[in-house]
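Residue-level structural notes
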Amino acid sequence: MSELSMKDLHAQNLSFTDFKFNGFYSLGEWRPFLFIPLFLMFLLAVTANSILIYLITSQRSLHSPMYVLICLMGVVDMLLPIFFVPNMLLSFLFNFSEISLTGCLIQMFCLHFVGTFQTTLLFWMALDRYFAICKPLNYHKYKEISNFLKFVFPPVNRNGLLIVTIVSLAGRLSFCATNVIDHCFCEHMALVQLACGDISVNNIVGLLTIFLIPTADFILITASYVVIFTSVFKSGKAHMKALNTCITHLIVLSVALTSALVAFLSYRIRNNISSNNRIVISIMYLCFPSCFNPIIYGWRTKEIRQTFLKFINKKVLTF
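Summarised in this report is the structure supplied together with it. Keep in mind the model is a prediction, meaning the values are calculated, not measured.

A word on the environment of Phe24. With respect to the helices and strands, the residue Phe24 is situated in the loop between β1 (18-21) and α2 (35-58). C-alpha of Phe24 to C-alpha of Asn276: the two residues are 252 residues apart in sequence and 5.8 Å apart in space. Excluding anything up to four places from it in sequence, Phe24 contacts Arg31, Leu34, Phe92, Cys184, Asn276, Ile279, Val280 and Ile283.

Below, the discussion takes up unusual backbone geometry. In this structure, Phe24 takes a positive phi of about 65° despite not being glycine. In this structure Phe24 comes out as buried when scored by relative accessible area, which is 6%. Unusually for a residue other than glycine, Asn95 sits at a positive phi of about 60°. Residue placement: Asn95 occurs in the loop between α3 (65-94) and β2 (98-100). The exposure class of Asn95 is partly exposed, given its relative accessible area of 49%.

With that out of the way, let us pick up the sheet that holds β2. Strand order in the open sheet made by the three strands is β2-β1-β3, with mixed pairing throughout. Taken across any chain shown, the strands that pair with only one partner, and hence form the sheet edges, are β2 and β3 (180-181). Of the pairings in the sheet, the one linking β1 to β3 comprises two bridges and is parallel in character. Its bridge partner being in β3, Lys20 is matched across the sheet by Val180.

A word on the state of the cysteines. Tallied over the full model, the rule gives two disulfides. Each disulfide pairs two cysteine sulfurs, and for Cys176 the partner residue is Cys196, the sulfurs being separated by 2.3 Å. On the criterion of sequence distance, the pair formed by Cys176 in the loop between α6 (145-171) and β3 and Cys196 in the loop between α7 (188-192) and α8 (200-212) is long-range, its members being 20 residues apart. Along the chain, the cysteines that take part in disulfide bonds pair up as 1-3, 2-4, counted in sequence order.

Before going further, it helps to examine the layout of surface pockets. Space inside the second largest pocket adds up to approximately 290 Å³. Per-element tally for the lining of the second largest pocket: the top contributor is α3, with seven residues. In the lining of the second largest pocket, the residues fall into 16 nonpolar, one polar and one charged.

Scanning the entire structure with this criterion turns up two salt bridges. Salt-bridge contacts for Arg129 lead to Asp128; the nearest nitrogen and oxygen are separated by 2.7 Å. Linking Asp217 and Arg158 is a salt bridge whose minimum nitrogen-to-oxygen distance equals 3.1 Å. Placement of Asp217 in helix α9 (residues 214-235) and of Arg158 in helix α6 is noted, with a sequence separation of 59 residues between them. Taking relative accessible area as the criterion, Asp217 reaches 1% and is therefore assigned buried.

Let us look at the packing of aromatic side chains. As enumerated under the stated definition, the model contains twelve aromatic pairs in all. Ring plane angle 50° and centroid distance 4.6 Å describe the contact between Phe84 and Phe185, whose orientation is recorded as tilted. With a gap of 101 residues between them, Phe84 in helix α3 and Phe185 in the loop between β3 and α7 connect regions that are remote in the sequence. According to the relative accessible area criterion, Phe185 is buried, its value standing at 0%. Ring centres of Phe109 and Phe113 lie 5.3 Å apart, and the angle between their planes is 5°; on these two criteria the pair is classed as stacked. Taken as a pair, Phe109 and Phe113 lie in helix α4 (residues 101-134) at a separation of four residues, close to a single helical turn.

What counts and what doesn't
Residues numbered from 1 in each chain as written. Predicted model: local features only at pLDDT ≥ 70, side-chain atom pairs only at ≥ 80, totals over all residues. Heavy atoms only, no water. Helix = DSSP H or I, 4+ residues; strand = E, 2+ residues; numbered from the N terminus. Contact = heavy atoms within 4.5 Å. Buried < 20%, exposed > 50% of the residue type's maximum accessible area, 1.4 Å probe, protein only. Pairing = 2+ DSSP bridges. Disulfide = S-S within 2.5 Å. 1 Å grid on protein atoms, 1.4 Å probe; cavity = no way out; pocket = protein on both sides within 12 Å on 5 of 7 lines; lining within 4 Å. Points joined across faces, edges and corners; volume = space filled by probe spheres on them. Nonpolar A, V, L, I, M, F, W, Y, C, P; charged D, E, K, R; others polar. Salt bridge = Lys/Arg side-chain N within 4 Å of Asp/Glu carboxyl O. Phe/Tyr/Trp six-rings, centres within 6.5 Å; stacked < 30°, edge-to-face > 60°.

Rendered as structure tokens:
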């Protein structure tokens, strides 16, 4: 029997169901020190977003569509780090790096499905600003639930269908070469590249997901802001305050999207990006928005900032 047929037989008879993460192991004794920055980022993301969610849900004056969207953004930004950072911290401190295939697929689905709403929510926010600034007479009609849901269901169905597809396709693969994932969490291509069969379909669906969700949302957001900027500049300074967060919004979105594209495409094209740098980029596109969105959409929004200061003053007076 030839060596090739032996490998094929081995592939048919063996498929790993348990995996080990190998991210940052090249750092050796310095690896545990990664706990400090990641723990601080995790603490900032969870604390800041929890406060933002509490302020918006507890104040009836902040129950308009824009603030509800900011609250949902806070939920997304709080959940994303929870899905993978605690496991990373345990790995850094205690070398706890094992995960089952089922657990890996669940983590992959949670990360990618919830992560898609980082850009989708930003699109909804841009759409809300478009109606508020460019179509003020139609804004109250847009705020009606029946009309608002027309903009909600198509992106939700798109995100769900694409993420379920890539996770299902990944779950059907056989993993016979190795069970070591060169990453700190179950990113789609980090797992798929371990498969011993043909992964061309996984690659194609993964690329379609990248371009149909974050890239498409970014294009729609940019188009919305171009129209908003044009409308504001034509009307003079009357609506300049409405643009207070737009520039920062686009900067954070651009950094997150660029990081996501580099992380996803680095598995598919020849490049000199090291394993450690790829993992850092992946962590950045997941954690960077979670840490900074509460500042951009919370503190820099006047009504939320005033509510927060009143809350703090009330607590101080209580003590």
